[in-house]
Amino acid sequence: MKKVLKGIYEWSKLILIAVVVAFWLKNNVVASALVPTGSMEQTVMTGSRIVINRLAYLYDTPQRGDIVSFYYPDDGETLYLKRVMGLPGEVIEGIDGRVYIDGKMIPDFTQNRFYEDFGPYRIPEACYFMMGDNRSNSWDSRYWINKFVAMDDIIGKAEFEYYPEIKILK
């Protein structure tokens with residue numbers, strides 16, 4: 001009987017440690033997210049599950065083209081997934097379905113064009129301009145009241161999709 005109780009105690013301790021480590025990892029290192037809308041299609045499809053690296057910007061800053069998870073700036077609560085298009089200090093605008101940074105057209109990350117011109121907007125320091133890859137069907141910086149996402153509101157970088165298929169996100 002003493003051996004059984006000792007075994008239960010040891011297993012309970014091990015399970016508790018595993019739960020604490022998993023909770024810490026989930027809240028500090030990685031996050032898993034379900035993509036609820038089609039705003040990032042064809043890159044990330046509705047219903048996909050992705051892994052977000054919470055440490056990606058610990059010593060670095062987001063780069064143009066990164067797919068990031070962040071708090072929607074108009075409510076500060078809803079989590080969004082979009083692509084970084086404009087960086088701090090830049091002037092961004094959209095003309096005839098193309099994105100321009102500081103007056104120069106940049107290569108796009110998607111074949112999806114948009115139909116409404118926007119900007120020009122000067123992006124404040126420590127803020128970013130976000131767009132969905134499904135340009136004609138994305139609620140993104142072009143339409144928000146608060147156009148820019150503060151660095152402090154970025155959760156992390158979307159690294160890969162693990163369901164329904166496994167793929168690296170670029």
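Use the structure listed above.
Everything numeric in this text was worked out from a predicted model, so none of it was measured. Each chain has its residues counted from 1, following the order in which its sequence is written. The predicted origin of the model limits local features to residues at a pLDDT of at least 70 and limits the giving and counting of side-chain atom pairs to 80 or more, whereas totals for whole chains, interfaces and linings rest on all residues. As a rule here, side-chain values come from all non-hydrogen atoms in the structure, and water together with hydrogens is ignored.

A. Geometry of the overall build of the protein chain. In this description a helix means any DSSP run of H or I spanning at least four residues, a strand means any run of E spanning at least two, and both kinds are numbered starting from the N terminus. Secondary structure summary: the protein chain contains one helix and twelve strands in total. Sequence-ordered secondary structure for the protein chain, helices as α and strands as β, is α-β-β-β-β-β-β-β-β-β-β-β-β. Along the three orthogonal principal directions, the C-alpha set of the protein chain runs to about 80 × 35 × 25 Å. The cut-offs for exposure are 20% and 50% of the maximum accessible area for each residue type, with area from a 1.4 Å probe on protein chains only; residues under the lower value are buried, those over the upper are exposed, and the others partly exposed. Taken over 170 residues, the protein chain has a buried fraction of 38%.

B. A look at the packing of aromatic side chains. Between rings of Phe, Tyr and Trp, where Trp is taken as its six-membered ring, a pair exists when centres lie within 6.5 Å; planes separated by under 30 degrees are stacked, by over 60 edge-to-face, and by other angles tilted. Counting across every chain of the model gives eleven aromatic pairs. Each ring, one from Y121 and one from F129, has its centre 6.0 Å from the other, and the planes form 25°; the classification is stacked. For the pair F129 and F148, a centre-to-centre distance of 6.3 Å together with 55° between the ring planes defines the contact as tilted. Placement of F129 in strand β9 (residues 127-131) and of F148 in the loop between β9 and β10 (149-150) is noted, with a sequence separation of 19 residues between them. Of the residues examined, F129 reaches a relative accessible area of 0% and is grouped as buried. Taken together, the ring pairs in this structure connect F114, F118, Y121, F129 and F148 into an aromatic cluster.

C. Geometry of the sheet that holds strand β8 (residues 118-122). Any two strands with at least two DSSP-identified bridges between them are counted as paired. Strand order in the open sheet made by the four strands is β7-β6-β5-β8, with antiparallel pairing throughout. The strands lining the two open edges of the sheet, one partner per strand, are β7 (104-105) and β8. Strand direction decides the pairing type here: strand β5 (residues 91-95) and strand β6 (residues 98-101), joined by four bridges, are antiparallel. The residue of β6 that forms the bridge with I95 is R98.

D. A look at the environment of V149. You can see V149 is positioned in strand β10. Spatially, the C-alpha atoms of V149 and Y128 are 5.1 Å apart, while their sequence positions differ by 21 residues. When near neighbours in sequence (up to four residues on either side) are disregarded, V149 contacts F70, P73, A126, C127, Y128, M130, W144 and I154. A contact between two residues is defined here by any heavy atoms of the two lying within 4.5 Å.

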